[in-house]
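What follows is the residue order along each chain.
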Amino acid sequence: MATVGKVIKCRAAVAWEPNAPLVMEEIEVAPPEEGEIRIKVVATGVCHTDLYHLFEGQQTRGFPTVLGHEGAGVVESVGPGVTGFKPGDKVIPLFLSQCGECRFCKCPKTNLCDRSWSSKYYDVMSDPTSRFTCRGQPILQFMGTSTFSDYTVINQIAVAKIRDDAPLDRVCLLGCGIATGYGAAVNTAGVTPGSVCAVFGLGAVGLAAVMGCKNAGASRIFAVDINEQKFEMAKVFGATDFVNPKSYNKPVSEVLGEITNGGVDFSLECVGNTAVMRSALESCVKGWGVSVLVGWTDVTDFSARPIQLISGKTWKGSLFGGFKSKDSVPGLVQDYMSGKIKLDEFITHNMSLEQVNDAINLMKTGKCIRTILNVSK
Ligand code: NAD
Ligand code: ZN
């Protein structure tokens, strides 16, 4: 390959500052160093966490950066010491790594690899090491991935090799949203057969949580959103009941409590709003109800009355659906290929990388579930 060992000049959508449109730029992508892999990005989804960093995160140290963390691509070259990857392999970048050696990777109870950017740098949402420069300046790699770029460089602990026949413009969704929501239901909540569930927020993450509740055998799944246009889609993934909190003059937890004779067995917050997190907890039944925080936010405290937990409810959170990333993503690709999980149904729009700002606006205005950006051929 003509590019091996050389700096690659290519296109990327650079976020120079918060609250501003991304700018298509030519960036320089350095060759992979020890243990690193340079990947040609083929397709990427746009996730709300990209929007969170751009519009909601309220800090400037995480800029300039290249956003995008829900991608799939092909290995262009590998650095020294890389094992298990070769040029041409199909891969999914992982925003949560799995080094396999830290205390957390060795423990079956968690997927929180200690070497992931998220264990130290969650405020800036990037790993300080980046192989990108633009206009003479270093550019951060958002969530260690940066898939809004023709090429990216990632440590091998944060890359999953997947089967050769996987369609990259679909399975890219397993790099974040779908694995996250689905795993939050089946792993973190541990939804049980016959149970009653409620999912708050029906973006791709919430819809994937609905799919997880359904696959785990839930008998009733309440889909809760303030945008009723999402209800039709929730039905596709197995939701049985639809609730718009704005249609009632009492709290949604009371509405759900009345319909379910005391509250749901499992609730999942897939919005990233602390008031909704509280509602989701309050919607659970006392004694055994489990509520899972999936939505991402780090700007305000949350609150709830202690009696909510004293009464026997469990409140927990989930990063990447509790999946040990490197081990699980190839299996999730397999589950899609065998029809066990849906992916196609999440995709409402296909665009080019140049249209990334349009894709961001679609999500901001609630007009899409997932837009796939086709990056390179
Ligand atoms: P999205 O913007 O597509 O969907 C959010 C949905 O929430 C929308 O349908 C919106 O109408 C709905 N909503 C907004 N306010 C609401 C309210 N008050 N009550 C009920 N519904 C409301 O976003 P997404 O890409 O599906 O992501 C959802 C959340 O998950 C985000 O916070 C994102 O950052 C987070 N996330 C977390 C992880 C993780 O590992 N924990 C991974 C990926 C995404
Ligand atoms: Zn995401």
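As the structure is a prediction and not an experimental result, all values here were calculated from the model.

(A) Highlighting the coordination of the zinc ion (ligand 2). At 2.0 to 2.2 Å from the zinc ion (ligand 2) lie its protein donor atoms, namely C47 (SG), H69 (NE2) and C176 (SG). All donors of the zinc ion (ligand 2) belong to a single chain; written as a sequence motif, their spacing is C-x21-H-x106-C. Taken together, the positions of C47 in the loop between β3 (36-45) and α1 (48-56) and H69 in the loop between β4 (65-66) and β5 (70-78) put the pair 22 residues apart, joining distant regions of the chain. With a relative accessible area of 0%, H69 lands in the buried category.

(B) Region of interest: the sheet that holds strand β15 (residues 290-293). Read from one edge to the other, the open sheet built from 6 strands follows the order β13-β12-β11-β14-β15-β16, with strand pairing classed as parallel. Since the sheet does not close on itself, it has two edges, and those belong to β13 (241-243) and β16 (314-317), each with one partner. Averaged over all adjacent pairs, the angle separating strand axes in this sheet is 20 degrees, with direction ignored. Alignment of strand β11 (residues 196-200) against strand β12 (residues 220-224), held across 5 bridges, turns out to be parallel. Its bridge partner being in β12, V196 is matched across the sheet by R220.

(C) Focus on the sheet that holds strand β8 (residues 137-142). Taken in spatial order, the 5 strands close into a barrel running β1-β2-β7-β8-β4, and their pairing is mixed. Where strand β1 (residues 8-15) lies against β4, 2 bridges are found, and the strand directions are antiparallel. Counted as the bridge partner of A15 is T65 from β4.

(D) Looking closely at α1. Among the residues making up α1, those that are buried are T49, D50, L51, Y52, H53 and L54. Packed against the buried residues of α1 are β1, β3, β4, β8 and α11 (356-364).

(E) Region of interest: the site of ligand 1. Around ligand 1, the structure places 27 residues, and the nearest of them are H48, T49, D225, V294 and S318. Between ligand 1 and the protein, one listed contact pairs an oxygen atom with a backbone N or O atom of V205 at 3.1 Å. Here ligand 1 has 870 Å² of accessible area as a free molecule, and 90% of this is covered by the chains. If you list the elements that add at least two residues to the shell around ligand 1, you get α1 and α5 (204-215). Residue classes in the shell around ligand 1 are distributed as 15 nonpolar, 9 polar and 3 charged.

(F) View of the pattern of salt bridges. A complete count under the given rule lists 15 salt bridges for this structure. Measuring nitrogen to oxygen at the nearest pair gives 2.6 Å for the salt bridge that ties E76 to R38. Note that E76 is positioned in strand β5 and R38 in strand β3, a separation of 38 residues in sequence. Comparing E76 with R38 shows no difference in burial state: the two are buried. Close ionic contact of R278 with E282 constitutes a salt bridge, the shortest N to O distance being 2.8 Å.

The rules we used
Residues numbered from 1 in each chain as written. Chains lettered and ligands numbered in written order. Predicted model: local features only at pLDDT ≥ 70, side-chain atom pairs only at ≥ 80, totals over all residues. Heavy atoms only, no water. Donors = N, O, S within 2.8 Å, 3.2 Å for Na, K, Ca; no water. Helix = DSSP H or I, 4+ residues; strand = E, 2+ residues; numbered from the N terminus. Buried < 20%, exposed > 50% of the residue type's maximum accessible area, 1.4 Å probe, protein only. Pairing = 2+ DSSP bridges. Axes fitted to C-alpha atoms, helices over the stretch in contact; angles between N-to-C directions. Contact = heavy atoms within 4.5 Å. Near = heavy atom within 4 Å. Polar contact = N/O pair within 3.5 Å; in protein donor to acceptor, adjacent residues only side chain to side chain. Areas by Shrake-Rupley, 256 points an atom, 1.4 Å probe, with all protein chains shown as cover. Nonpolar A, V, L, I, M, F, W, Y, C, P; charged D, E, K, R; others polar. Salt bridge = Lys/Arg side-chain N within 4 Å of Asp/Glu carboxyl O.

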